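Commentary on secondary and tertiary structure
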Amino acid sequence: MSKIAFVFPGQGAQYIGMGKDFYENSSTAKAVFDKASEVTGMDIPKLCFEENEDLNQTKYTQIAMVATEIAILKVLEEKGVRPSVTAGLSLGEYAAIVATGAMKEEDAFKIVKQRGVLMQEAVPEGGGMAAVLGLDYPVIEEVLSKVEGVVSIANYNCPGQIVITGWADAITAAAEPLKAAGAKRVLPLKVSGPFHSKLLTEAGEKLTDVLADVTIGDLPIPYLANLTADYVQDAGQVKPLLVKQVSSPVRFQQSAERMIADGVDTFVEIGPGKTIAGFIRKINPEMKVINVDKWEDLEKCMEELKDVAE
């Protein structure tokens with residue numbers, strides 16, 4: 001029997017129309033979108049399904065992504081599919097926690113709405129991010145340790161694809177030594193700020209107040225935290241990890257490697273796009289990776305997972 005991990009993408013994978021076919025084909029999925037609208041006071045279906053300029057703004061992107069991911073998750077659960085472990089890429093960590101059973105979906109919506117606002121408001125002018133291609137992270141860490149200014153790794157995505165974050169001038173200063181060390185490209189990203197850097201520490205700290213009213217239950221299914229790339233099985237760890245996650249690197253590569261080492265052989269990416277699938281295939285091409293982004297993906301997923309469905 002396969003050992004399944006549910007994995008959830010983060011900000012950047014969003015697109016107009018995401019989740020619409022689930023909303024139209026499943027009363028379970030529709031109820032999730034409607035609940036997200038009720039909790040946040042926003043028209044989440046309109047935000048996700050209709051042409052608009054808001055979807056790519058952090059304060060809207062985050063709630064739209066998490067609502068879509070949880071809607072698809074609930075349909076899979078309804079079909080009897082359960083994971084052995086979960087993980088999410090940055091924002092996707094919230095859907096991963098909901099999938100463990102430790103957080104109610106309405107609490108996730110409440111937190112993520114505020115997280116998006118706090119992060120957008122905290123973005124300093126002059127910050128940025130860049131993808132470093134073709135260079136493994138230990139070398140990047142060594143190069144960045146010698147660069148003046150705030151610049152650090154934001155995302156450990158997969159071998160040969162690392163994202164750095166910080167002041168734009170420090171990122172520019174790091175580009176030449178990174179190329180000299182073997183990087184194929186240092187590609188500036190079109191993002192609104194230096195996410196997952198210490199420049200967003202204040203946003204993370206403000207999230208503490210938002211989390212105060214939320215109850216985290218037991219974790220019958222463990223998840224791997226972005227901050228540590230380690231299993232979280234104690235409910236008391238969840239809130240501090242989510243606070244620090246905002247200004248700390250996302251260790252997705254290390255998380256995937258840990259799951260694989262512990263016997264996971266099937267990854268189900270739940271939500272928009274195929275970003276995580278691409279990472280996992282580079283981390284270990286022998287893994288089975290299934291995407292559930294559109295309604296048509298559901299039948300394929302169930303066929304491939306029929307040996308583990310209830």
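Remember, it's a predicted structure, so these values are computed and weren't measured experimentally.

1. Some thoughts on the environment of Thr-40
- Mapped onto the elements, Thr-40 comes out in helix α2 (residues 27-40).
- Remark: the alpha-carbon pair of Thr-40 and Met-65, spanning 25 residues in sequence, is separated by 14 Å.
- Those residues in contact with Thr-40, other than ones at most four positions away along the chain, are Ile-63, Phe-109 and Lys-113.
- A polar contact of 2.7 Å, which involves the side chain of Thr-40, links it to the backbone oxygen of Ala-36.

2. Some remarks on the layout of surface pockets
- Roughly 700 Å³ of internal volume is contained in the largest pocket.
- Together, 32 residues line the largest pocket, and Gly-10, Gln-11, Gly-12, Leu-189 and Val-191 are the ones closest to its centre.
- For the lining of the largest pocket, the secondary structure elements donating two or more residues are α4 (58-78), α6 (105-122), β3 (127-133), β4 (151-158), β5 (161-167), β6 (185-188) and α12 (275-283).
- Looking at the lining of the largest pocket element by element, the count peaks at three residues for α6.
- Class assignment of the residues belonging to the lining of the largest pocket gives a composition of 14 nonpolar, 16 polar and two charged.
- Considered as a void within the structure, the second largest pocket measures approximately 150 Å³ in volume.
- If you trace the second largest pocket, you find it lined by Met-42, Asp-43, Lys-46, Leu-47, Glu-50, Glu-51, Asn-52, Asp-54 and Tyr-60.
- When the residues that make up the lining of the second largest pocket are grouped by side-chain class, the tally is three nonpolar, one polar and five charged.

3. Considering the sheet that holds β5
- The four strands are arranged β4-β5-β3-β6 in an open sheet whose pairing can be described as antiparallel. Two strands bound the open sheet, and with one partner strand each, they are β4 and β6. In this sheet, neighbouring strand axes are inclined to one another by 25° on average, regardless of whether the strands run parallel or antiparallel.
- Bridge count between β4 and β5: six bridges; the pairing is antiparallel. Bridge assignment links Cys-158 to a residue of β5, and that residue is Gln-161.
- Along the sheet face, α12 touches β4 and β5 and points at about 80° away from the line of β4.

4. Description of the packing of aromatic side chains
- Under the counting rule described, the total for this entry stands at six aromatic pairs.
- Between Phe-252 and Phe-279, the ring centres sit 6.3 Å apart and the planes meet at 55°, which makes this aromatic pair tilted. With Phe-252 in helix α11 (residues 252-261) and Phe-279 in helix α12, this residue pair connects regions lying 27 residues apart in the sequence.
- Its relative accessible area of 1% is what places Phe-252 among the buried residues.

Cut-offs applied
One numbering rule holds for all chains: residues counted from 1, following each sequence as written. A pLDDT threshold of at least 70 governs which residues receive local features in this predicted model, and a stricter bar of 80 or more applies before side-chain atom pairs are shown or counted, although totals over entire chains, interfaces and linings include all residues. The basis for every side-chain value is the complete set of non-hydrogen atoms in the structure, without hydrogens or water. Think of it this way: any DSSP run of H or I at least four residues long counts as a helix, any run of E at least two long counts as a strand, and we number them from the N terminus. We call two residues in contact whenever any of their non-hydrogen atoms come within 4.5 Å of each other. Whenever a nitrogen or oxygen atom comes within 3.5 Å of another N or O atom, the pair is scored as a polar contact, on the condition that within protein one atom can donate a hydrogen and the other can accept it, and that pairs from neighbouring residues in sequence are kept only if both atoms are in side chains. Cavities and pockets are found on a 1 Å grid laid over the protein atoms alone: a cavity is a set of points where a 1.4 Å probe fits but cannot escape, a pocket is an open set with protein on both sides within 12 Å along at least five of seven lines, and a lining residue has an atom within 4 Å of such a point. Grid points are joined across faces, edges and corners, and a volume is the space filled by probe spheres set on the points. For this scheme, ten residues count as nonpolar: Ala, Val, Leu, Ile, Met, Phe, Trp, Tyr, Cys and Pro. Four count as charged, namely Asp, Glu, Lys and Arg, and the remainder, Gly too, count as polar. Two strands form a pair only when DSSP identifies at least two bridges running between them. A fitted line through C-alpha atoms represents every axis, and for helices the fit uses only the stretch in contact; the resulting angles, taken between N-to-C directions, go from 0 to 180 degrees. The pairing test for Phe, Tyr and Trp rings, Trp by its six-membered ring, is centres within 6.5 Å, and the orientation test on the planes gives stacked under 30 degrees, edge-to-face over 60, and tilted for anything in between. In this scheme, a residue with accessible area under 20% of its type's maximum is buried, one over 50% is exposed, and one in between is partly exposed, where area comes from a 1.4 Å probe on protein chains only.

Honestly, it's all geometry; don't read function into it.
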